[in-house]
Amino acid sequence: MSKELVVVNGTVFDPMNDIAGEKLDLFIRDGKIVSSVSKKARTINASGQTVMPGGVDLHSHIAGSKVNSGRLLRPEDHRKDIEFRTRKTHSGVGYSIPSTRTTGYRYARMGYTTVFEPATPPLKTRHTHEELDSTPIIDKGCFPLLGNNWFVMEYLRDGKMEECAAYVAWMLKATKGYAIKIVDPGGVEAWGWGKFLRYLDDPVVHFGITPREIVRGLCKVNRMLNLPHPIHVHTNNLGNPGNYLTTIETMDAVRDLANEKRPAIHITHVQFTGFAGSSWLNLRSGAPEIADYVNKHRHVSVDLGQVIFGDTTTMTADGPFQYFLHKLSGNKWVNMDVEAETGSGIVPFEYKRGNYVNAIQWGIGLELALLVDDPWRVFMTTDHPNGGPFASYPKVIAWLMSRKAREKTISKINRMAKKRLTLPSIEREYTLEEISTITRAAPAKSLGLADKGHLGVGADADIAIYNIDPARNDLEREPIRLRRAFREASFTIKDGKIVSKEGQITATPYGQTFHIESVVSSNLESSLLKDISSRFRDYYTIEIENYPIAESFIRNPSGIPCEAEV
Ligand SMILES: [Zn+2]
């Protein structure tokens, strides 16, 4: 029997279909948006409420060995935030590193239905999938780390582009990954030898390849494989004053590889790589310069990595930066190594309003969002949990929509930071349409997920209904109301099923895991396998047979076929 639902009278914000605040009814059958339903359909009355597609988060560290190491490192993070068991839900814990089920519930409560884990070491991806499988409600996927991979660096150095493409295709297939993630290209490898790569043209020790060549090479590979999402890049020099230049240079390094259809590169959590100035003392925001570059060049997209004041846990495959942060803060630290090739560092951190550097960081994220003109190329993230927990998204939305909310926070931050930021003079306030763009439509488009991020016929029936009446409320004057509404959607619907109602989880289905089924020519694939299996044993301690993850290992796999050009 088909399951039918109709959402009537809501004010709909569906930017992908050019719908900005129209009163429309949505019809749902068998988990999809359809053009009509029978009279027997269950009705949800959304009068006086805002209706958006389910939220899509393309960068949130929610699963895998580094997240789990963070949980082990921080028992105090569990104690302070407890999710109680209900008839429908399991208990759970964790403020900045919630347990898997709690992660699913909290996203669903906010109206989010799709989330990507953006950094998984290939060898550890089995664990990542196990945790994603244990995260209810949301659809998901993960990005394998390839920016310091030995085979990638060797193939690119030797100009073997087709072999490199075949290798990346094999790795995506083996790990059931979704996109190419690059963290500190070449820099993690250099750090292993006690070196630091400051410039894009510094060679990686023993490999004779530069960060620029890695980024350009993998950008070309991405195109050769026709992958739906561009290369997803965490630039070199993260966390160093002056690094906004590295960010701009990295974007510019692939300018000539752009085509009109979609961006060639996504730069992630730009707040952390948007520092201008030459030291911590004269640090200032590089967001105006980065936004200016983004406004003038269509081949790039960015996400924020917005800082939230308070306690959190930082974790990244950028091991060198985490070691530095541990030294700087004196906080506890753990570094995980994976085959001496990638890994992760984890350090607890508290962002303080009164701290000059932290206040500048807070300003950089918001300036970036407010100064980039095109909301289709700037996505809202906190780089959870690095800038702050994802559960703080309603705060970020309120800052973006309400100058009053920003002024309130600005009045409490470090005075010198307030003077040096552009933020206090920015008048722009995001509209609900723009919020719908940066939190669902644009990231879904960037990920190439055709049935996500919109509410047209044929889309997945992932819907969020918020208790905000765009017609009646003076929204920008009521940031607290905005925060409350986005914290607990009136209804979250996932695949046509009501999963959350006013903060109560009502059902806990399991979503799909998206992964790329990359297809290269069979000749190329067999010569690649011959090449890597002969060398694998020399390079690594774990044998090649341990990498491939069967589809049957994943609860609800959803392979996206990708025909390569090689
Ligand atoms: Zn991240």
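Residues numbered from 1 in each chain as written. Predicted model: local features only at pLDDT ≥ 70, side-chain atom pairs only at ≥ 80, totals over all residues. Heavy atoms only, no water.

S.K.: I'm lost on the overall build of the protein in this one. Help?
M.R.: Of the regular secondary structure elements, the protein holds 18 helices and 26 strands. By the compact-globule yardstick of 24 Å for 566 residues, the protein fits well, its C-alpha radius of gyration being 23 Å. By residue count, 62% of the 566 residues in the protein fall in the buried class. Put simply, 78% of the contacts in the protein that link residues at least 6 apart link residues at least 24 apart. Summing over all exposed atoms, the protein offers an accessible surface of approximately 21,000 Å²; the carbon and sulfur share of this is 49%. (Helix = DSSP H or I, 4+ residues; strand = E, 2+ residues; numbered from the N terminus. Rg over C-alpha atoms; globule rule 2.2 N^0.38 Å. Buried < 20%, exposed > 50% of the residue type's maximum accessible area, 1.4 Å probe, protein only. Contact = heavy atoms within 4.5 Å. Areas by Shrake-Rupley, 256 points an atom, 1.4 Å probe, with all protein chains shown as cover.)

S.K.: What exactly am I supposed to notice about the packing of helix α6 (residues 161–175) against helix α18 (residues 522–539) here?
M.R.: Axes are the key here: two packed helices are described by the angle between their axes and the distance separating the axes. Two numbers describe how α6 lies on α18: the axes approach to 10 Å, and their chain directions differ by 85°. The pairing of α6 with α18 is recorded here as roughly perpendicular in orientation. Along its contact with α6, which presents Glu162, Glu163, Ala166, Tyr167, Trp170 and Lys173, the element α18 presents Leu524, Glu525, Leu528, Leu529 and Ile532. Taken together, the residues of the contact of α6 with α18 break down into 7 nonpolar, no polar and 4 charged. (Axes fitted to C-alpha atoms, helices over the stretch in contact; angles between N-to-C directions. Parallel < 35°, antiparallel > 145°, perpendicular 65-115°, else oblique. Nonpolar A, V, L, I, M, F, W, Y, C, P; charged D, E, K, R; others polar.)

S.K.: Whenever I open this one, the pattern of salt bridges confuses me. Can you help?
M.R.: Where charged atoms of side chains with opposite charge meet at close range, the side chains can pair. Inspection of every chain in the model, using the stated rule, returns 34 salt bridges. Among the ionic pairs, lysine 494 bridges to aspartate 495, the shortest N-O distance being 2.6 Å. Residue classification places lysine 494 among the buried positions, given a relative accessible area of 2%. Note on aspartate 495: relative accessible area 32%, which makes it partly exposed. (Salt bridge = Lys/Arg side-chain N within 4 Å of Asp/Glu carboxyl O.)

S.K.: Just to check I follow, could you spell out the sheet that holds strand β12 (residues 231–234) for this structure?
M.R.: Two strands in a sheet stick together by hydrogen bonds in their backbones, pointing the same way (parallel) or opposite ways (antiparallel). Spatial strand order, β11-β12-β13-β16-β20: 5 strands in an open sheet with parallel pairing. Looking at which strands have only one partner, the edges of the open sheet turn out to be β11 (181–183) and β20 (378–379). Where helix α9 (residues 244–252) meets the sheet, it contacts β12, β13 (265–267) and β16 (300–303), and its direction lies at approximately 165° from that of β13. (Pairing = 2+ DSSP bridges.)

Note that every value here comes from positions in space, so none of it alone points to a role or purpose.
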